[in-house]
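These are the residues of each chain, in order.
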Amino acid sequence: MTTELGWGVAVVAASLFALPQPPSVAVAAAPARCVGGQKDSRGRSAVDGHEVRWEDETKFNNAFRHANKAWSTHGLTQVKLRPDDASSIADLQWQDVNSTREKWKNVLGQYASGPGADTLYLNRAYLDSGKRYGDDMYRRMVAAHELGHALGFCHKSPSWYPTLMAKDLEDVPTNALPADKDRSNYHKLWG
Ligand SMILES: [Zn+2]
């Protein structure tokens, strides 16, 4: 059985009209390669400048806090993860969904980019207490993986190296932390 950690890019039209970004001098190395021939990408992220302003509407507070900490400590400080406030525009909305139908079948979480704020979904149908993955260990794994997508990281094969960005939950480290290569990939992308 595989349970996917979805990566849906719902709307990308806005990026078609965006001005090209000036070359960054901070990035010394090329972004890491991903499953399917893609590469990690700043453009395919929720990062605005060097920060993500989040809006928290998920009930899974433990997983939410863990994911933000996992991607903002121990040297991963180039992208600031901050709450949205009255003077800012949200870049990423954390939101719950409760569905096993169609695209949500066996999908525990998803990052979707949008014309406004991007959305990070956690699926209550699998993560609620009493459900198949209804405990904080799994919730943390899903939340940290999806926040990785929001930071521009695409899927890596667990056959290459241990990685939080494996597509299937069973291949994600149970500590729900970026692995060594995830950390070096972060620095390749964000300096
Ligand atoms: Zn994923």
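Residues numbered from 1 in each chain as written. Predicted model: local features only at pLDDT ≥ 70, side-chain atom pairs only at ≥ 80, totals over all residues. Heavy atoms only, no water.

Right, let's talk about helix α2 (residues 61–70) for a bit. Regarding α2, the residues found buried are Ala63, Phe64, His66, Ala67, Asn68 and Ala70. As for α2, its buried residues are in contact with β2 (51–56), β3 (80–83), β4 (92–97) and α4 (136–150). (Buried < 20%, exposed > 50% of the residue type's maximum accessible area, 1.4 Å probe, protein only. Helix = DSSP H or I, 4+ residues; strand = E, 2+ residues; numbered from the N terminus. Contact = heavy atoms within 4.5 Å.)

So, about the packing of aromatic side chains. Any aromatic ring pair is given by two values, namely how distant the centres are and how the planes are angled relative to each other. As enumerated under the stated definition, the model contains 8 aromatic pairs in all. Residues Phe64 and Trp94 carry aromatic rings whose centres are separated by 4.9 Å and whose planes lie at 85° to one another, so their mutual orientation is edge-to-face. Remark: Trp94 occurs in strand β4 and Phe64 occurs in helix α2; sequence separation between them is 30 residues. Between Trp160 and Tyr161 the ring centres are 6.3 Å apart and the planes differ by 55°, which places this aromatic pair in the tilted class. One aromatic cluster is present, built from ring pairs that chain together Trp54, Phe64 and Trp94. (Phe/Tyr/Trp six-rings, centres within 6.5 Å; stacked < 30°, edge-to-face > 60°.)

The next subject is α4. The first and last C-alpha atoms of α4 sit 21 Å apart over 15 residues, in line with the 21 Å expected at 1.5 Å per residue. The element α4 is extensively covered by neighbouring structure, given that 11 of its 15 residues are classed as buried. Those residues of α4 lying buried are Arg139, Met141, Val142, Ala143, Ala144, His145, Glu146, Leu147, Gly148, His149 and Ala150. Positive phi appears at Gly152, one or two residues downstream of α4, with a value of about 100°. (Expected span 1.5 Å × (residues − 1).)

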